[in-house]
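So you can see what is in the structure, the chains are spelled out below.
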Amino acid sequence: QVQLRESGPGLMKPSQTLSLTCTVSGASITAGDGAWNWVRQPPGKGLEWIGYIDYNGPTDYSPSLRSRASISRDTSKNQFTLRLKSVIPEDSGVYYCVRFHKAGWFYDYWGQGTQVTVSS
């Protein structure tokens, strides 16, 4: 059914801008029942919500990352992209794209995750 897959560089150096793209199949990112999120999990820590882009374009972000994170989309490719500026080693972890299902009020589909390591 619905599948999400993350893609992007696995290795980053501090101060660079991370760009990760989520490709969605089986559902349209413009459909009104979904909102499209990024979350991450640093090693040995819990999940951290980064932000989302709603089906019609508005975005929201975690206060701790609002100054550095941005999410955009390409509706023709059914993709949405996370950009995280000025990365530091603490940004390392597994990054997931996730759909929030509005009708059911829960996160119903997850990507497999992609490892990002920030190291000099």
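Quick note: structure is the one above.
Keep in mind the model is a prediction, meaning the values are calculated, not measured.

### Description of the sheet that holds strand β8 (residues 79-84)
On the basis of which strands lie adjacent, the open sheet formed by 4 strands has the order β1-β3-β8-β7 and antiparallel pairing. For this open sheet the edge positions go to β1 (3-7) and β7 (69-74), each flanked by a neighbour on one side alone. The average undirected angle you get between the axes of adjacent strands in this sheet is 20 degrees. Summarising the sheet, β1 and strand β3 (residues 18-25) pair through 5 bridges and their orientation is antiparallel. Counterpart to Q3 in the pairing with β3 is S25.

### Re the pairing of strand β9 (residues 93-101)
Counting buried positions along β9 gives 8 out of 9 residues, so the element sits mostly inside the fold. Direction of pairing for strand β4 (residues 34-41) relative to β9: antiparallel, over a ladder of 8 bridges. The partner of Q41 across the bridge, within β9, is V94. The pairing of β9 with strand β11 (residues 114-118) spans 3 bridges and is classified as antiparallel. Counted as the bridge partner of V94 is Q115 from β11. Here 4 bridges tie β9 to strand β10 (residues 106-110), and the two strands are oriented antiparallel to one another. In the strand pairing of β10, F100 is matched with Y107. Taken together, β9 and the strand that follows it, β10, pair antiparallel across an intervening segment of 4 residues, in which W105 is found at a positive phi of about 60 degrees.

### Section: the state of the cysteines
Note on terminology: disulfide describes a covalent bond linking the sulfur atoms of two cysteines. Counted according to the given criterion, the structure contains 1 disulfide. Here C22 is linked by a disulfide to C97, with a sulfur-sulfur distance of 2.2 Å. Here C22 and C97 share a disulfide; its torsion about the S-S bond, 70 degrees, makes the bridge right-handed. Here the residue C22 occupies a position in strand β3, and C97 occupies one in strand β9, the gap between them amounting to 75 residues. Residue classification places C22 among the buried positions, given a relative accessible area of 0%. Among the residues examined, C97 registers a relative accessible area of 0% and is labelled buried.

### Let's talk about the environment of T114
By secondary structure assignment, the location of T114 is in strand β11. As a C-alpha pair, T114 and G10 span 104 residues in sequence and 7.4 Å in three-dimensional space. Residues in contact with T114, not counting those within four places in the same chain, are E6, L20, G93, V94 and Y95.

### Topic: the side chain of N37
In this structure, N37 sits in strand β4. A distance of 3.1 Å separates a polar atom in the side chain of N37 from the backbone oxygen of A35. Reaching out from N37, the side chain makes a polar contact with the side chain of W49 at a distance of 2.8 Å. Setting aside anything within four residues of it in sequence, one finds N37 in contact with W49, G51, Y52, F80, Y96, C97, V98, R99, F100 and Y107.

Cut-offs used in this document
Residues numbered from 1 in each chain as written. Predicted model: local features only at pLDDT ≥ 70, side-chain atom pairs only at ≥ 80, totals over all residues. Heavy atoms only, no water. Pairing = 2+ DSSP bridges. Helix = DSSP H or I, 4+ residues; strand = E, 2+ residues; numbered from the N terminus. Axes fitted to C-alpha atoms, helices over the stretch in contact; angles between N-to-C directions. Buried < 20%, exposed > 50% of the residue type's maximum accessible area, 1.4 Å probe, protein only. Disulfide = S-S within 2.5 Å. Contact = heavy atoms within 4.5 Å. Polar contact = N/O pair within 3.5 Å; in protein donor to acceptor, adjacent residues only side chain to side chain.

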